[in-house]
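Fold and contact review
Below are the chains, spelled out letter by letter.
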Amino acid sequence: MHYDVLITGAGPAGCIACRLLSEAGFKVLLLEKEKIPRDKCCAGFLSPQAIELIEENFTTIPPETISHPRDALGAKLIAGNGSTFQLPFSRPGLSVSRARLDAFLADESGGELRDGCRVLDLEVERFLVRGELKTEAGSETVEATYLIGCDGGESLALQSLRPEFFRTYAAPHLGRVSLVLAEGSIEWEPGWIGLVFNKRGRGMHRFYIKDGLIALAVMHGNSGTWRGEFDSLVAFLEETFGLKLEGESLAGTSAINLMGATGKFNLGAGSALLAGEATGLLDPWGFGIRLALESGRIAAQSLIDSAGQSITPHLHYSSRMQGLLNREIEQKRKFGGMIGDLDTSSLVRDSSRVGRRNRRELKHAFF
Ligand SMILES: Cc1cc2nc3c(=O)[nH]c(=O)nc-3n(C[C@H](O)[C@H](O)[C@H](O)COP(=O)(O)OP(=O)(O)OC[C@H]3O[C@@H](n4cnc5c(N)ncnc54)[C@H](O)[C@@H]3O)c2cc1C
């Protein structure tokens, strides 16, 4: 079976690309290794910009995807000495269940969706992509003219297209996040994500309250040892916000790709594009849904505009993405103003509260 476009990964980037291409008349195959609805280690805070992209390109976000409390206000950055800086969205966003949101996006994607179907291998030539797939029923090979790799932080598409780049820039910046859910109590205003540096000071743990549970997203290295980081986060939150946990359970672990934080992105090559976290798109606070939607949309439009011409879509895509990438890189240079979708001016306004060590920590971690 030959398709016009193969899309790997049915997250926000893959679903928006699939929807726009299908609407434009392309024959699209959207492949997802998990069964949908699939869980994703994610706080599910949608910025106003992410909501706009979904509602412009899909339909209104259905009420059953929305969590309690519904308003997502932004993030609070907590320095080592307990000082807290509010980094609000420009207006309240929405708190959603990622499993339900992504199931809605996949449902509305308009292409042929195969879930429970892992891409094992990709071969890419000019205007020919061959994918080897594994499903419960066995293995199969599919072909397409174009590829859009939207397969997240540990992207097979990036590894296949640019193995050298993957080894040099992506692999050293791959981390793991383990999500622990628990009942209990904490002196914390729901609607905000708390960001706390991990022990090594090169990444952040997150915590938030959602649907009556306390969620702790613990960032750790690739070795899978999340317990040490978890224990130190819990000790910090007990002391700072009176955290009391009951019956915690590990909800899942996923890869996180921080290569974009070092200014390294990869948009693919020729007739094979990358979008979303596979590209390295994640803002310094770890928000990536808006960037996934935006890059997935631009990838689809670049492909639509180049089809029928003898040029590859990568030419259109790289020039159209330049503005977005420059904005990402430029924003990391400054300390106040909007960084990603969050307003960071409180970091400047309250700079008297940022000790020299904390300031060094912040700069080291983000900029
Ligand atoms: C703890 C945590 C909290 C976060 N909180 C937020 C937040 O509140 N707000 C926000 O905006 N961002 C948040 N993010 C970031 C956000 O989750 C990602 O940036 C976003 O999901 C990226 O979307 P994507 O479409 O690029 O990839 P993903 O959503 O990761 O989707 C990729 C898909 O590809 C599939 N896949 C992978 N490999 C294969 C394969 N070989 N074959 C087939 N399918 C494959 C995966 O199963 C997955 O479904 C958070 C991240 C973490 C780790």
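Residues numbered from 1 in each chain as written. Predicted model: local features only at pLDDT ≥ 70, side-chain atom pairs only at ≥ 80, totals over all residues. Heavy atoms only, no water.

**Section: the domain arrangement of the chain**
- Assigned domains of the chain: these are domain 1 (2-66 + 97-172 + 260-333) and domain 2 (178-257 + 339-366).
- A C-alpha centroid distance of 27 Å is found between domain 1 and domain 2.
- On the domain 2 side, the residues contacting the 22 residues of domain 1 number 23 residues.
- Surface buried jointly by domain 1 and domain 2 totals about 2200 Å² across both partners, of which 56% is contributed by carbon and sulfur atoms.
- Taken together, the links from domain 1 to domain 2 amount to 1 salt bridge.
- Taken together, domain 1 and domain 2 are joined by 7 residue pairs in polar contact (both at pLDDT 80 or more).
- Each residue belonging to the side of domain 1 that touches domain 2 can be placed in one class, and the counts come to 9 nonpolar, 6 polar and 7 charged. (Domains from an automatic or database assignment. Contact = heavy atoms within 4.5 Å. Buried area = accessible area lost by both parts, 1.4 Å probe. Salt bridge = Lys/Arg side-chain N within 4 Å of Asp/Glu carboxyl O. Polar contact = N/O pair within 3.5 Å; in protein donor to acceptor, adjacent residues only side chain to side chain. Nonpolar A, V, L, I, M, F, W, Y, C, P; charged D, E, K, R; others polar.)

**Description of helix 5 (residues 163-170)**
- What helix 5 keeps buried is the set Phe165, Phe166 and Ala170. All buried residues of helix 5 project into a common sector of 100° when viewed along the axis, lining one side. Residues of helix 5 that are exposed and point more than 90 degrees away from the buried face comprise Glu164 and Arg167.
- Buried residues along helix 5 sit in contact with helix 4 (156-161), strand 10 (174-185) and strand 14 (244-257). (Buried < 20%, exposed > 50% of the residue type's maximum accessible area, 1.4 Å probe, protein only. Helix = DSSP H or I, 4+ residues; strand = E, 2+ residues; numbered from the N terminus. Arc of directions from axis to C-beta.)

**Some thoughts on the nonpolar core**
- Within the largest apolar cluster, 47 residues are counted, with the highest numbers of intra-cluster contacts made by Val5, Ile7, Leu21, Leu46, Ile54 and Ile148.
- Ranked by residue count, the leading element in this core is helix 7 (residues 289-306), at 8 residues.
- Among all residues touching isoleucine 54, those that are not within four sequence positions of it are Leu46, Thr59, Ile61, Leu101, Phe104, Leu105 and Leu293.
- If you look at the next biggest cluster of nonpolar residues, it comprises 27 residues, including Ala79, Trp285, Phe287 and Leu347. (Core = buried A, V, L, I, M, F, W, Y, C linked by side-chain atoms within 4.5 Å.)

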